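Take a look at the letters that make up each chain.
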Amino acid sequence: MVRYLKRKDIDIVKYDACIEAAINSRIYAYSWYLDIVASNWDALVLNEYEAVMPLPWRQKYFIKYIYPPAWTQQLGIFSTKKIDADLVKKFVNTIPKKFKKITIQFNSENHLNFFKVEKRMNYILPLNKLYEDIFNGFNKNRKRVLKSVSTLNLTINKNINALEFLDFYFNESKNYELRIDQITATKKLVNLTNNSVFIWGIKEQGNIIAGLIWLKDKNRITYLLPIATKAAKEKGLPTFLISNLIEEFQNTKLLLDFEGSMIKGVADFYKGFGAEEEVYSCFKKKLLF
């Protein structure tokens with residue numbers, strides 16, 4: 001039986017244990033992460049936490065709706081067993097009718113055969129080879145950039161101060177505008193002290209010119225928030241940071257999760273490292289008031 005539980009009624013130990021043991025685990029689904037990025041969240045639970053589905057929600061003008069929180073690419077259903085389309089259907093149909101609008105980005109192992117969805121693209125790179133072997137899968141552009149960067153004698157600071165990173169991230173020009181929830185979630189994430197959130201950076205004359213927030217769980221290294229000056233991009237520093245991530249976790253069972261993208265130029269950049277396509281689904285539904 002699939003039950004709807006409010007956040008206060010969820011057994012967090014059992015919930016997180018399900019996420020940890022799930023064959024399709026994602027760091028976004030852990031309770032500590034959702035507590036940071038979601039305005040509110042409840043969950044659907046199968047029996048005694050055999051499978052769970054977090055439901056991040058908000059309320060506007062007395063209307064409650066389910067939405068994808070900041071910095072969460074894939075949520076949906078998580079289970080220790082293979083998730084078939086019938087179970088997905090059961091979970092979706094159990095979402096309470098009080099949520100009048102639903103937008104859920106399901107993870108790549110959730111197949112929504114019964115529903116109309118929008119297919120989205122992610123890129124992942126298995127790190128189960130030595131760096132040299134993974135490097136051989138880079139395209140000519142990535143190899144050329146790394147060769148050029150190698151002449152700059154750069155050092156990556158792997159313990160960048162949170163406030164210093166925030167100042168750089170918020171003030172450096174980006175090709176997107178930050179929402180209030182993204183700003184709030186970023187501040188909370190970088191100030192978190194655990195073994196899952198890391199901040200790397202490259203400095204020039206004492207100032208950060210390229211930085212990265214990345215996440216680590218048992219399955220994935222998530223390339224969460226990259227940022228670089230225009231000059232740093234032209235020098236290829238984002239490529240250098242990614243190359244160092246790959247080198248650090250080479251020959252492991254981890255995947256490097258690039259988090260997208262549907263933008264061709266960004267997608268081509270990720271594919272340049274030999275990344276593979278990972279398709280996930282965005283489900284949307286509106287209920288009559």
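Preceding this paragraph is the structure being described.
Just so it is clear, the model here is predicted, and its values are computed rather than measured. Once a new chain begins, its residue numbering starts again from 1 and follows that chain's sequence as written. The predicted nature of this model means local features are confined to residues of pLDDT at least 70 and side-chain atom pairs, given and counted, to a pLDDT of 80 or more, with totals for whole chains, interfaces and linings taken over all residues. The basis for every side-chain value is the complete set of heavy atoms in the structure, and neither hydrogens nor water enter the calculation.

Draft legend 1. The arrangement of the overall build of the protein in detail. Helix and strand assignments come from DSSP, with helices taken as H or I runs of at least 4 residues and strands as E runs of at least 2, each series counted from the N terminus. Along the protein, the regular secondary structure elements total ten helices and 13 strands. Radius of gyration here is computed from C-alpha atoms only, and the compact-globule reference equals 2.2 Å multiplied by the residue count raised to the power 0.38. For 289 residues, the compact-globule formula gives about 19 Å, and the C-alpha radius of gyration of the protein, at 20 Å, lands near that figure. Along the first, second and third principal axes, the C-alpha atoms of the protein reach 60 × 40 × 35 Å. Residue exposure (1.4 Å probe, protein chains only): buried if accessible area is under 20% of the type maximum, exposed if over 50%, otherwise partly exposed. With 289 residues in all, the protein has 52% of them scored as buried. The contact definition used throughout considers only heavy atoms, calling two residues in contact when any of these lie within 4.5 Å. Here the analysis covers contacts within the protein between residues at least 6 apart in sequence; of these, 74% occur between residues at least 24 apart. Counting only carbon and sulfur atoms, one obtains 51% of the accessible surface of the protein, whose full area is about 14,500 Å². Between the mean site of the 44 positive side-chain charges and the mean site of the 30 negative ones, the protein shows a separation of 6 Å. Per-residue and other accessible areas follow the Shrake-Rupley method at a 1.4 Å probe size, with only the shown protein chains counted as cover for residues. Here Asp and Glu are counted as negative and Lys and Arg as positive; His is not counted, and neither are the chain ends. Charge positions come from single atoms, namely NZ of Lys, CZ of Arg, CG of Asp or CD of Glu.

Draft legend 2. Structural context of a positive patch on the surface. Without a salt bridge and with relative accessible area above 30%, a residue can belong to a patch; like charges are then joined within 9 Å and nonpolar side chains (Val, Leu, Ile, Met, Phe, Trp, Tyr) within 5 Å. Here, a salt bridge means any side-chain nitrogen of Lys or Arg that lies within 4 Å of a carboxyl oxygen of Asp or Glu. A surface patch of positive charge is lined by Lys60, Lys101, Lys284 and Lys286. Secondary-structure assignment places Lys286 in strand β13 (residues 276-286). A relative accessible area of 67% places Lys286 in the exposed class.

Draft legend 3. Examining the environment of Asn24 more closely. Along the chain, Asn24 falls in the loop between α1 (12-21) and α2 (31-37). For Asn24, a relative accessible area of 1% corresponds to the buried category. For the pair Asn24 and Ala232, spaced 208 residues apart in sequence, the C-alpha to C-alpha distance is 35 Å. Not counting the four nearest positions on each side in its chain, Asn24 is found in contact with Ile77, Phe78, Ser79, Ile83, Asn107, Glu109 and Asn110. The definition of a polar contact used here is a pair of N or O atoms within 3.5 Å, where within protein one atom must be able to donate a hydrogen and the other to accept one, and adjacent residues in sequence count solely through side-chain atom pairs. Of the polar contacts made by the side chain of Asn24, one reaches the backbone oxygen of Ile77; its length is 2.8 Å.

Draft legend 4. Summary view of the pairing of strand β9 (residues 197-204). In this analysis, strands are considered paired if DSSP registers two or more bridges between them. Two elements, strand β8 (residues 156-157) and β9, share two bridges in a ladder whose sense is antiparallel. The residue of β9 that forms the bridge with Ile156 is Ile202. Strand direction decides the pairing type here: β9 and strand β10 (residues 207-216), joined by eight bridges, are antiparallel. Counterpart to Glu204 in the pairing with β10 is Asn207. Hairpin geometry of β9 and β10 is characterised by an intervening segment of two residues between the two adjacent antiparallel strands and by a positive phi of about 55° at Gln205.

Draft legend 5. The arrangement of the side chain of Thr72 in detail. With respect to the secondary-structure elements, Thr72 resides in the loop between β4 (63-66) and β5 (78-79). Here Thr72 falls in the buried class, since its relative accessible area comes to 6%. Looking at Thr72, its side chain comes within polar contact range of the main-chain oxygen of Pro69, at 2.7 Å.

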